Amino acid sequence: MKLTLREIAIHVGGKVIGDPEINVSGVSEIQSSSPGTITFLGNPKYKKYIAGTLADAIFISDENHLDGKNGILVSNPQLAMARTLALFFPESEKNSFIHSDTTIDATVSIGKNVSIEPGCVIHPKAVIGNGSRLGSNTVIGPNVILGEKCQTHANVSIYGNSIIGDRVQIHSGTSIGCDGFGFITHDGVHEKIPQTGNVVIGNDVEIGSNCAIDRATIGSTTIGNMTKIDNLVHIAHNVSIGKGCLLTGSFAVAGSAIIGDYCTFAGQVGVAPHVEIGAHSTFAAKSGITKSLKGGKVYAGYPAREIREHNKREALFNEISRMRQKLDQLIQGAEEM
Amino acid sequence: MKLTLREIAIHVGGKVIGDPEINVSGVSEIQSSSPGTITFLGNPKYKKYIAGTLADAIFISDENHLDGKNGILVSNPQLAMARTLALFFPESEKNSFIHSDTTIDATVSIGKNVSIEPGCVIHPKAVIGNGSRLGSNTVIGPNVILGEKCQTHANVSIYGNSIIGDRVQIHSGTSIGCDGFGFITHDGVHEKIPQTGNVVIGNDVEIGSNCAIDRATIGSTTIGNMTKIDNLVHIAHNVSIGKGCLLTGSFAVAGSAIIGDYCTFAGQVGVAPHVEIGAHSTFAAKSGITKSLKGGKVYAGYPAREIREHNKREALFNEISRMRQKLDQLIQGAEEM
Amino acid sequence: MKLTLREIAIHVGGKVIGDPEINVSGVSEIQSSSPGTITFLGNPKYKKYIAGTLADAIFISDENHLDGKNGILVSNPQLAMARTLALFFPESEKNSFIHSDTTIDATVSIGKNVSIEPGCVIHPKAVIGNGSRLGSNTVIGPNVILGEKCQTHANVSIYGNSIIGDRVQIHSGTSIGCDGFGFITHDGVHEKIPQTGNVVIGNDVEIGSNCAIDRATIGSTTIGNMTKIDNLVHIAHNVSIGKGCLLTGSFAVAGSAIIGDYCTFAGQVGVAPHVEIGAHSTFAAKSGITKSLKGGKVYAGYPAREIREHNKREALFNEISRMRQKLDQLIQGAEEM
């Protein structure tokens, strides 16, 4: 498949700089670009690669960086790259089929254009929406409702009564609706608190590989629309996560925490139980949130503090050795008096 | 199903305050309570919700908080809630069955009242105890002994020679008995140390989703009776964990560590190899245990210290800016003299 | 199976101290040694166990520690132990077979001496190399190339187009080739960046349970030869990991990071996106790498610093209370003047 810069520029809403009839057949990264492709300058730290690029064209947001090469001027080169990639890798029209090596209870309701790969097990009264695709060895528990155009990848487990919206992607090995970690210790015995609730996931959510999302003790653990979840993320029972959040790899949130809309958590962040985090909060990697925090701010550290306060504390460290020097001078001065 | 407060009070060993003939049909949480239910005041920070609750009754440990409402006085409202939930959600009597779409070696021994869901694979000489239930696509390796009334959920993997007690719950995606991370580097080559041991798990253990428990190099990795393990927990080879421990989400313990009885680890804690942790220790979230520690204490931080010492160190930070101010005043004073 | 010390000494290149005709039938650990075995003194902190050992012989690197017992003198007792274990537990010659309860597309190419356990699903055009073994319920995506003598354990998922070398071990629940966490936010919408690349894994790699290795956005996520990966490790898209690295449990590395050869990461370490880590670097547990770092050094902390600098900073803490005391004395002195 080949496209001219002119065609691509129309698709991404950009302006060709140079020859619009140049053909490219793919996208490459600037630090390892290849002939016959269009590349992009997303991260400015990669500007040094422009001069030597082998690509035939560059998505760029500043014409002056083109260095005489052909390019497409766009406001957001990374977005243009993403959309051009989608042009070159259109989602394949999958045939709908239900493989014979599956176990589907007679009470299951299956929509139109569904594909169910070998090894899938679907328990009683589950509902699979139109256009959804179940990867090999996916297990769907009783009464699960899976919306339209969802995709589970291989070896996914969805426990009974989970409710999942439309266009939700769930990657391999992920477990949704497992029991929350609820025990009450009484006379030295950890008595299990029955986990009777479920998990409710909104539309356009993506969940990475080997995550675990617990069902609620009572009620629902909820994930809002368009929230995106990376790999190996742990979400405990009764947690409520707003819409549009980004939960990066190895994030873990404890029971009954409430996370507002559009929060971003970098890798390995942890959230304590029962805290409430305001919308549009951003957390640096490895932060530990120990108490409720206002939205709209950037936080870091453990316990998580506003980033300016956090940075001040870190800077104090450098202060200490200077202070020690001054103090020693003072002491010496005092002794010499 | 409906129960009167009188019936519930008898079941949980409490005393009705108000009208004992009121009917409820479920349990709800105080912050989102609903009519027709009994709710509970577990966490005192939720006291503010009592006045406006829609529930018809409240489990409470202090009569004065009832605010004129109907309730049941108990010493532990959360425990009463757990036991009442179990009344409303009795464990369903599952039929025992062995689904035809399973692969069970002829040498496998299967007890009475066992249920084996579709897609399960049971390798030679494994033993499945009475009343145990294997979730869809569970894989049981050769010579595994699974006790009575155990449950594996979907897509669980148990490697050969693992020994698992009675009433053990294992959630989806968990892997038990995988090889320990044992290599010995020799002339630049990481030579594998054969992992020839197994995993031995006691009775009444619960293991969350997507955990990994390594087999021992020699001997056994052991998990004591009634230890409860949350999601995404990593337990390395030759680790020994006592009874009644609580290992919260994303906990990781390195090889040959020994953990005493009734230890509690909050989320994302890590334990170094070859350390020994005394019984009844408690660790704050994200702690890192780098050396052996005495039991019966609360620890925090990395390296983990007794919590009082840890808090003192944290408080020192606030001291620094005050010290700098004093120091600057002293210096100015000295210069002015 | 019994072996004399003489036979074992020849196998491991050691020298018998004592009676070479003594028979042993296994290897035991020094802290829990048993009669009829040979044990080893690997970690010097276990020296105290030599006197009371029940084992019949000891691998030892210093003859003086033998305490009159029989032993085999070797330069590396742990290596000798590993090789002796391999003598006692030879890899069983597995029959090659393809179980009938599998779904293998007609276009799949399968080498000689392959074994495929029940429940496996192999998608179109995949290639399974000679001598490879697929554990129960393994799912192999389209166009995957799996080399020779590989082993996947139960419930492994390998996404389409992954390329895996020879002698690679992949433990249960691991997901290889899942989508990278790539979204570009535009007018409040997280638009997915198509993840069009793949994962390329070298020879002699071992990957633990419940890991996740993302495919590249464009190009390949790469893992070098002989790199060993523990459980619950997250490797993001476009990451490049050199050869001979050791990635310990719960390690997480963000997108496009480049890690040189022979780097070692202890547990729960995190690496930020787009950083470059030089070869032969070593990182203490829970380190957080926030910027590119030179190779050949040992690092610790968050942000990760050279260990000497890290330790100095930690020591400053102890300084603070001493400084406060001195300062208070000075102030008192000044006031008394």
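Residues numbered from 1 in each chain as written. Chains lettered and ligands numbered in written order. Predicted model: local features only at pLDDT ≥ 70, side-chain atom pairs only at ≥ 80, totals over all residues. Heavy atoms only, no water.

J.: Describe in detail the pattern of salt bridges, supporting the description with residues and values.
T.: The full count for this structure, using the stated rule, is 29 salt bridges over all chains. A salt bridge links Arg167(A) to Asp204(A); the shortest N-O distance between them is 2.6 Å. Placement of Arg167(A) in the loop between strand E18 (163–164) and strand E19 (169–170) and of Asp204(A) in the loop between strand E23 (198–201) and strand E24 (206–207) is noted, with a sequence separation of 37 residues between them. Note on Arg167(A): relative accessible area 40%, which makes it partly exposed. The class for Asp204(A) is partly exposed, based on a relative accessible area of 26%. The residue Arg305(B) makes a salt bridge to Glu309(B) at a minimum N-O spacing of 3.6 Å. (Salt bridge = Lys/Arg side-chain N within 4 Å of Asp/Glu carboxyl O. Helix = DSSP H or I, 4+ residues; strand = E, 2+ residues; numbered from the N terminus. Buried < 20%, exposed > 50% of the residue type's maximum accessible area, 1.4 Å probe, protein only.)

J.: Describe a nonpolar patch on the surface, naming the residues involved and giving the relevant values.
T.: All names here are of chain B. Taken together, the side chains of Val127, Ile145 and Ile163 present a nonpolar region at the surface, about 190 Å² in accessible area. Residue position: valine 127 is located in strand E12 (residues 127–128). Overall, valine 127 belongs to the partly exposed group, its relative accessible area being 30%. (Patch = residues over 30% accessible without salt bridge, like charges linked within 9 Å, V, L, I, M, F, W, Y side chains within 5 Å. Areas by Shrake-Rupley, 256 points an atom, 1.4 Å probe, with all protein chains shown as cover.)

J.: How would you explain the interface of chain B and chain C if you had to name every residue and give the values?
T.: Chain B puts 58 residues into the contact, and the matching count from chain C is 58 residues. Across the interface of chain B and chain C, roughly 4700 Å² is buried in total on both sides, 61% from carbon and sulfur atoms. One salt bridge connects Arg83(C) with Glu191(B), and the closest N-O pair in it is separated by 2.6 Å. The interface formed by chain B and chain C includes 29 residue pairs in polar contact (both at pLDDT 80 or more). Where the side of chain B that touches chain C is concerned, the elements lending two or more residues are strand E20 (175–178), strand E21 (183–186), strand E22 (189–192), strand E25 (212–214) and helix H3 (307–336) of chain B. (Contact = heavy atoms within 4.5 Å. Buried area = accessible area lost by both parts, 1.4 Å probe. Polar contact = N/O pair within 3.5 Å; in protein donor to acceptor, adjacent residues only side chain to side chain.)

J.: Could you give an account of the relation of the copies chain A and chain C, naming the residues involved and the relevant values?
T.: Superposition record for chain A on chain C: RMSD 0.1 Å, screw rotation 120 degrees, translation along axis 0.1 Å. Both copies of the chain, as the preceding transformation shows, are related through a three-fold rotation axis. (Least-squares fit on C-alpha atoms with pLDDT ≥ 70 in both.)

J.: So what's going on with unusual backbone geometry? Residues and values would help.
T.: Cis peptide bonds are those with omega within 30 degrees of zero, and the linkage from Tyr302(A) to Pro303(A) qualifies with 0 degrees. With respect to the helices, strands and loops of the structure, Pro303(A) is situated in the loop between strand E38 (298–300) and strand E39 (305–306). At Ser256(B), a position not held by glycine, the phi torsion is positive, near 65 degrees. Structurally, the position occupied by Ser256(B) is in the loop between strand E31 (252–253) and strand E32 (258–259). A positive phi angle is found at His274(C), which is not glycine, with a value near 65 degrees. Looking at where His274(C) falls in the secondary structure, it is placed in the loop between strand E34 (270–271) and strand E35 (276–277).

J.: Mind laying out the packing of helix H1 (residues 5–12) of chain C against helix H2 (residues 77–88) of chain C, listing which residues take part and the relevant values?
T.: Residue and element names in this part refer to chain C. Interaxial distance between H1 and H2 falls to 10 Å at its minimum, and their mutual angle equals 115 degrees. Crossing handedness for the pair H1 and H2: right-handed. Here Ile8, His11 and Val12 of H1 come into contact with H2, specifically with Ala80, Arg83, Thr84 and Leu87. (Axes fitted to C-alpha atoms, helices over the stretch in contact; angles between N-to-C directions. Left-handed = near helix turned anticlockwise from the far one by under 90°.)

J.: Describe the packing of aromatic side chains, naming the residues involved and giving the relevant values.
T.: Following the criterion strictly, the structure yields 15 aromatic pairs over all chains and no others. Aromatic side chains Phe265(A) and Phe283(A) sit 5.0 Å apart centroid to centroid with 0 degrees between the ring planes, which places their arrangement in the stacked category. Remark: Phe283(A) occurs in strand E36 (residues 282–283) and Phe265(A) occurs in strand E33 (residues 264–265); sequence separation between them is 18 residues. Phe283(A) gets classed as buried once you look at its relative accessible area, which sits at 2%. Ring geometry for Phe251(C) and Phe265(C): centres 4.6 Å apart, planes at 40 degrees, overall tilted. On the criterion of sequence distance, the pair formed by Phe251(C) in the loop between strand E30 (246–247) and strand E31 (252–253) and Phe265(C) in strand E33 (residues 264–265) is long-range, its members being 14 residues apart. (Phe/Tyr/Trp six-rings, centres within 6.5 Å; stacked < 30°, edge-to-face > 60°.)

J.: Before we move on, could you go through H1(C) and cite the residues and values that matter?
T.: Residues and elements named next belong to chain C. Within H1, the full set of buried residues consists of Leu5, Ile8, Ala9 and Val12. With its buried residues spanning 100 degrees around the axis, H1 presents them on a single face. Backbone geometry just downstream of H1 places glycine 13 in the positive-phi region, at approximately 70 degrees. (Arc of directions from axis to C-beta.)

J.: Outline the interface of chain A and chain C, supporting the account with residue identities and numerical values.
T.: Opposite the 58 residues of chain A that make contact, chain C presents 58 residues. A buried area of about 4700 Å², summed over both sides, lies between chain A and chain C, and 61% of it is on carbon and sulfur atoms. Across the chain A-chain C interface, the total number found is five salt bridges. Here Lys326(C) ties to Asp328(A) by a salt bridge, and the two come within 3.6 Å at their closest N and O atoms. Remark: the boundary between chain A and chain C carries 28 residue pairs in polar contact (both at pLDDT 80 or more). Those elements that place two or more of their residues in the side of chain A that touches chain C are helix H2 (77–88), strand E27 (228–229), strand E30 (246–247) and helix H3 (307–336) of chain A. For the side of chain A that touches chain C, the leading source of residues is H3(A), giving eleven residues. Class assignment of the residues belonging to the side of chain A that touches chain C gives a composition of 26 nonpolar, 20 polar and twelve charged. (Nonpolar A, V, L, I, M, F, W, Y, C, P; charged D, E, K, R; others polar.)

J.: Give a description of the confidence of the model for chain A that names residues and reports values.
T.: As a note on interpretation, predicted positions should not be read in detail where pLDDT is low. Averaged over every residue, the pLDDT of chain A is 94; the share at 70 or more is 100%. This complex was scored by the predictor with a pTM of 0.96 and an ipTM of 0.95. (pLDDT = per-residue confidence, 0-100.)

J.: Now, about the state of the cysteines: what can you tell me, with residues and values included?
T.: One pass over the structure, following the stated rule, counts zero disulfides over all chains. A disulfide-free cysteine, Cys178(A) has its sulfur positioned 9.4 Å from the sulfur of Cys211(B), the nearest such atom. Classification of Cys178(A) by relative accessible area gives buried; the value is 0%. Cysteine Cys245(A) shares no disulfide, and the gap to the nearest cysteine sulfur, in Cys263(A), comes to 4.8 Å. (Disulfide = S-S within 2.5 Å.)

J.: Outline H3(B), supporting the account with residue identities and numerical values.
T.: With 30 residues, H3(B) should cover 44 Å at 1.5 Å per step; its first-to-last C-alpha distance of 44 Å lies within 8% of that length. The largest bend in H3(B) comes to about 30 degrees, at Asn318(B). Of the surrounding elements, those touching the buried residues of H3(B) are H3 of chain A, strand E38 (298–300) and strand E39 (305–306) of chain B together with helix H3 (307–336) of chain C. (Expected span 1.5 Å × (residues − 1). Bend = angle between axes of the 7 residues up to and from the residue.)

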